[in-house]
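Breakdown of the fold
Residue-level listing of the chains:
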Amino acid sequence: MLRAKPGTAVRAVRARSAGLRASRHALHTRAVGQPLPHTHPHLFPIDFRRGTDAEKGGGVALDHLTPGIPAAEYEARRRRLMERLPTGSVVVLMGGRIKYMSRNIFYKFRQESNFWYLTGLEEPDAALVMVKDSSARGYAMTLFVAPRQEHKEVWDGPTCGLDGAVQVFGADYAEPNDPSVILHILKKTLASAEHLYVDLPAQMTIPRQSLRPPRFSIHDFLAPPTPTGYDLFARKTDFDSVVRLLSDRRNTHSLQREMDQLRSRKSANEIKVMRHAGAISGAAMTETMRAVRPGMLESEAQAVFEYECARRGAARQAYVPVFASGRNALMIHYVRNDCVMHDREVLSVDAGCEFAGYASDITRTMPTAADGRFTPAQRDLYEVLLRVLKGCTKLATARQGYSLSELHRRSVEMLSAELRALGFSLGFGALERTLYPHYLSHWLGIDLHDTSTVERSTRLQEGMVFTIEPGLYVPDDPAFPKAYRGIGMRVEDDVAVGDEEPYVLSADAPKEVVDLEAVCSGRLPRFV
């Protein structure tokens, strides 16, 4: 194996065609701390639907770096980023760090989203520097990773190491993730940089106390925010040096904005992965519907959903889920999930898994009645939401040219007309202030609320993915018809924009009334 001394680079061969990368990746034989096709073939099917069983037409995607995404696509992402940037540009990006629940009890690691999008590397405490140059590749890539340590691997398993950074993840240079090494190379690299693309954390932890604004927070001092990649520089002098180096420059630009533009339109491979994330969550939602009954705890239904996601290959839940029964469903972000379901209520479930790095986000509202059926008033409101969901989904095409803001306005217009037909008297602002106080949509991808710098006024383009989630929350207020008071519900799908047709990624989660009632009553066969 390659062991670099601090400050010594491991040089990769400059011939870096996508074919050479894919073949080098396929021939690599040692474990590197995360799944690869040769170590975990069951996680890398060519077709997620068919699996890896050759008798079923499956096979292993040997050229993939992460499930569903080829190594060549990661290279293309980096190339597209550097092509967007002006001559003399340098990109600096810190990976994620281990986050701790208490003392030395850690949470399951999740890589920083932009770092993962560009590298596919899932190790903590890594860093990436890319320099735009005149080479055939168009840039030089340096990865900072932890050198392999045999005694540590006894406890924690294999790691990427310096050789893996080059041979598997495509770096031109690999360096130890020692803070002094990173700082030295940053100083050397940035000395000649004309443009720097980087994003410093918005919040400061303890090493940043000297840079705090005048207002002092005792809470931040005693319980600092979750650490970011820059907390790798634990010594205050090192930390202050790197912050000055990266921030005190008139030619510093936001990397996040550039990354969001790249990530806003998903590739065909990304859409396939997100479709599978939706299929997993859809199957889990179906089994949850089947399990729901009066007397059940909301947390029991949550456990069914999370179990069904996990057994189908989901890495984690994409967010803290909502399992809100009865009047709890009037609270949009109700996550306590600790109440008992009663007969003739509804359960609003907002939940989705993360699969192979991509989030799903689905909401379904289901009856809790012993016979699995909605009451007439519940059915009325649900069908209103379903018609609005379908109407907005039809507009999610590039050809029609809507934006998220315009789709939201259409949802308000549709809901207003539907509710008036049900006998609602809607005063000025009553709909958006009380009955439907949230936005219709948000972008979806690697993050649940993806590409935050892409404005809602942006015209929809092919490959964009977003949620459509109309909701109604009718309080106990005499201003509204009595039959509907105390009912809260939402219906949400994940939608990929096509040129002429939208593609519903969450189609496996039942949403028609006849299907919901068939599942909840046990009349629809189980998923396997």
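Here is a short report on the structure shown in this document. Computed from a prediction, not measured in an experiment: that's the story for all the values here.

Inspection of the sheet shows strand E4 (residues 89-94) paired to strand E7 (residues 127-132) by five bridges, in the antiparallel sense. Considered in E7, the bridge of Leu93 is made with Leu128. Bridge count between E7 and strand E8 (residues 139-145): six bridges; the pairing is antiparallel. What sits directly across from Val129, in E8, is Thr142.

What follows concerns helix H9 (residues 255-263). If you check which residues of H9 are buried, you get Leu255, Glu258, Met259, Asp260, Leu262 and Arg263. For H9, the elements touching its buried residues are helix H2 (71-84), E4, helix H3 (113-119), strand E10 (195-197) and strand E11 (252-253). Where H9 begins, the capping side chain belongs to Ser254, and its oxygen is found 3.4 Å from the backbone nitrogen of Gln256.

As enumerated under the stated definition, the model contains eight aromatic pairs in all. Aromatic side chains Phe424 and Phe480 sit 6.1 Å apart centroid to centroid with 40 degrees between the ring planes, which places their arrangement in the tilted category. Taken together, the residues span a long stretch of sequence, with Phe424 in the loop between helix H13 (404-421) and helix H14 (430-435) and Phe480 in the loop between strand E19 (471-473) and strand E20 (488-490) at a distance of 56 residues. Each member of the pair, Phe424 as well as Phe480, is classed as buried. Plain terms: the ring middles of Trp443 and Phe466 are 6.2 Å apart, the flat faces sit at 80 degrees to each other, and that makes the pair edge-to-face. Of this pair, Trp443 sits in the loop between H14 and strand E18 (465-468) while Phe466 is found in strand E18, placing the two residues 23 residues apart along the sequence. Judged by relative accessible area, which is 0%, Phe466 ranks as buried. Over the ring of Tyr74 we find Arg77; its NZ or CZ atom is 4.7 Å from the centre of that ring.

Criteria and thresholds
- Residues numbered from 1 in each chain as written.
- Predicted model: local features only at pLDDT ≥ 70, side-chain atom pairs only at ≥ 80, totals over all residues.
- Heavy atoms only, no water.
- Pairing = 2+ DSSP bridges.
- Helix = DSSP H or I, 4+ residues; strand = E, 2+ residues; numbered from the N terminus.
- Buried < 20%, exposed > 50% of the residue type's maximum accessible area, 1.4 Å probe, protein only.
- Contact = heavy atoms within 4.5 Å.
- Polar contact = N/O pair within 3.5 Å; in protein donor to acceptor, adjacent residues only side chain to side chain.
- Phe/Tyr/Trp six-rings, centres within 6.5 Å; stacked < 30°, edge-to-face > 60°.
- Lys NZ or Arg CZ within 6 Å of the ring centre and 35° of its normal.

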